[in-house]
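Understanding the architecture of this molecule
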Amino acid sequence: MTDAPDETLAALVGDPAVPFRVEHHVTIESTNDRAVEAALAGEQDVAVVADRQTGGYGRRGREWRSPAGGIWLSVVLRPELPPERTQLLTLAGALGVVAALREAGIESVIKWPNDVLAPDPGWSDRKLAGVLTRTGETAAGDRWAVVGIGLNADVDPADLPTGATSLRTLATDIDRVAIVRRLLSMMDRLRDDPETILDTWRRDAETLGMRIRVETADGSIVGTAVDVDETGALRVETETGTKRVTASACEHLRPT
Ligand code: BT5
């Protein structure tokens, strides 16, 4: 780790501007695991934040690098959305990041389903943030969702994998506390409002209108992303008709 900032996210604890109860850790294995534990214990409206994670993970257990100075955060919710629409919470998490960064004067775009990218005119967008949603039920049968967000804020890009970047390459003054405050209030506004999630997503997603390749369980699909449906699935126009794609890896292709 290089140049770790001294300041922590502890200032968010008890902050009246934050619509969640904030639990702060200087170092934790994974905020997602801690949030799932809280969800299973029946807690809700909790935001677990950490300055550093030692065992952060992404989809399918992939490693998520989480050096000091990043924003590693997981929100425990009781979603009102029907189960088939919970993927919308992933879109909401990405929208929260874009909104918070926009307020800080930093432009970013969304790649379906869970990436926030620093736009690059040279066609090599680099990943700034990723979102991972887990869902389940308590013993009493109450549905919960944990939306985990990893944002490379005040992090040395040398500590990140290839294809990733941090806010340090885009801004000089990075107020992590202000970013989290804004992100969490956006999550709070969007969490039970699927129509606003979809409308805002259509505005902020770079994926729509692009030629893409998506890897699915049935093989790879190449086509133009035309829309998202009410569950957050992507609609892709291909030579053999319109396909509906749920969770998968998505690559933006150069126009031919
Ligand atoms: C994601 O997974 O993008 C979701 C990441 C969610 C992380 C948050 S941090 C708070 C909470 N606690 C956790 O333990 N997790 C959540 P996925 O789409 O599977 O992307 C994973 C891939 O991104 C890896 O295989 C690497 O290639 C790349 N990667 C790893 N660390 C990265 C980083 N810090 N920034 C950008 N890319 C990274």
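Structure: above.
Residues numbered from 1 in each chain as written. Predicted model: local features only at pLDDT ≥ 70, side-chain atom pairs only at ≥ 80, totals over all residues. Heavy atoms only, no water.

This next bit is on the layout of surface pockets. Of the pockets and cavities examined, the largest pocket occupies roughly 600 Å³. Residue lining of the largest pocket: 35 residues in total, with Gly 58, Glu 63, Trp 64, Lys 127 and Gly 130 positioned closest to the centre. The set of elements that each furnish at least two residues to the lining of the largest pocket consists of helix 1 (31–40), strand 3 (71–77), strand 6 (126–137), strand 7 (143–151) and strand 12 (249–252). Class assignment of the residues belonging to the lining of the largest pocket gives a composition of 14 nonpolar, 14 polar and seven charged. (1 Å grid on protein atoms, 1.4 Å probe; cavity = no way out; pocket = protein on both sides within 12 Å on 5 of 7 lines; lining within 4 Å. Points joined across faces, edges and corners; volume = space filled by probe spheres on them. Helix = DSSP H or I, 4+ residues; strand = E, 2+ residues; numbered from the N terminus. Nonpolar A, V, L, I, M, F, W, Y, C, P; charged D, E, K, R; others polar.)

Bridge count between strand 5 (residues 115–118) and strand 6: four bridges; the pairing is antiparallel. Of the residues in strand 6, the one forming a bridge with Asp 115 is Gly 130. Strand direction decides the pairing type here: strand 6 and strand 7, joined by nine bridges, are antiparallel. Counterpart to Ala 129 in the pairing with strand 7 is Leu 151. Hairpin connection from strand 6 to strand 7: five residues lie between these consecutive antiparallel strands, with Gly 141 at a positive phi of about 90 degrees. (Pairing = 2+ DSSP bridges.)

Take the packing of helix 2 (residues 87–103) against helix 4 (residues 194–204) next. Where helix 2 meets helix 4, the axes come as close as 10 Å, and the angle between the chain directions of the two elements is 55 degrees. Classified by the angle their axes make, helix 2 and helix 4 are oblique. Read as a crossing pair, helix 2 and helix 4 show a hand that is left-handed. Across the interface between the two elements, Leu 88, Leu 91, Ala 92, Leu 95, Val 98 and Arg 102 of helix 2 pack against Pro 194, Ile 197, Leu 198, Thr 200, Trp 201, Arg 203 and Asp 204 of helix 4. Of the residues assigned to the contact of helix 2 with helix 4, the class counts are nine nonpolar, one polar and three charged. (Axes fitted to C-alpha atoms, helices over the stretch in contact; angles between N-to-C directions. Parallel < 35°, antiparallel > 145°, perpendicular 65-115°, else oblique. Left-handed = near helix turned anticlockwise from the far one by under 90°. Contact = heavy atoms within 4.5 Å.)

Counting 61 residues, the largest nonpolar core has Leu 73, Trp 112, Trp 201 and Leu 234 as the members making the most contacts within it. Here Leu 234 is in contact with Trp 112, Trp 201, Thr 207, Leu 208, Ile 212, Ala 225, Asp 227, Val 228, Lys 243, Arg 244 and Val 245, once residues within four sequence places are set aside. Listed in part, the eleven residues of the second largest apolar core include Ala 35, Ala 39, Val 48 and Trp 144. (Core = buried A, V, L, I, M, F, W, Y, C linked by side-chain atoms within 4.5 Å. Buried < 20%, exposed > 50% of the residue type's maximum accessible area, 1.4 Å probe, protein only.)

All right, on to the site of the ligand then. Around the ligand, a shell composed of 25 residues is seen, among which Ser 30, Tyr 57, Arg 62, Lys 127 and Asn 152 lie nearest. Contacts to the ligand include Arg 62, whose side-chain N or O atom sits 2.5 Å from an oxygen atom. Here an oxygen atom of the ligand and a side-chain polar atom of Asn 114 are 3.2 Å apart. Taken by itself the ligand offers 800 Å² of open surface, and the protein chains cover 89% of this. More than half of the atoms of the ligand fall within 2 Å of the grid points belonging to the largest pocket. For the shell around the ligand, the elements supplying multiple residues, two or more each, are helix 1, strand 3, strand 6 and strand 7. Per element, the largest residue contribution to the shell around the ligand is four residues, and it comes from strand 6. (Near = heavy atom within 4 Å. Polar contact = N/O pair within 3.5 Å; in protein donor to acceptor, adjacent residues only side chain to side chain. Areas by Shrake-Rupley, 256 points an atom, 1.4 Å probe, with all protein chains shown as cover. Sits in = over half its atoms within 2 Å of the grid points.)

Turning our eyes to something else, we now look at helix 2. In this model, helix 2 (17 residues) spans 25 Å end to end at C-alpha, consistent with the 24 Å of a helix rising 1.5 Å per residue. With 14 of its 17 residues buried, helix 2 lies for the most part within the structure. Two residues or fewer past helix 2, Gly 105 is found with a positive phi of approximately 80 degrees. (Expected span 1.5 Å × (residues − 1).)

The next subject is the sheet that holds strand 8 (residues 211–216). Spatial strand order, 11-10-9-8-12: five strands in an open sheet with antiparallel pairing. Both outer strands of the open sheet, strand 11 (241–245) and strand 12, are each paired with one neighbouring strand and no more. Going from strand to strand, the sheet's axes swing by 40 degrees on average, the running direction of each strand aside. Judged from the five bridges that link them, strand 10 (residues 234–238) and strand 11 form a sheet pairing that is antiparallel. Within the sheet, the bridge partner assigned to Leu 234 lies in strand 11 and is Val 245.

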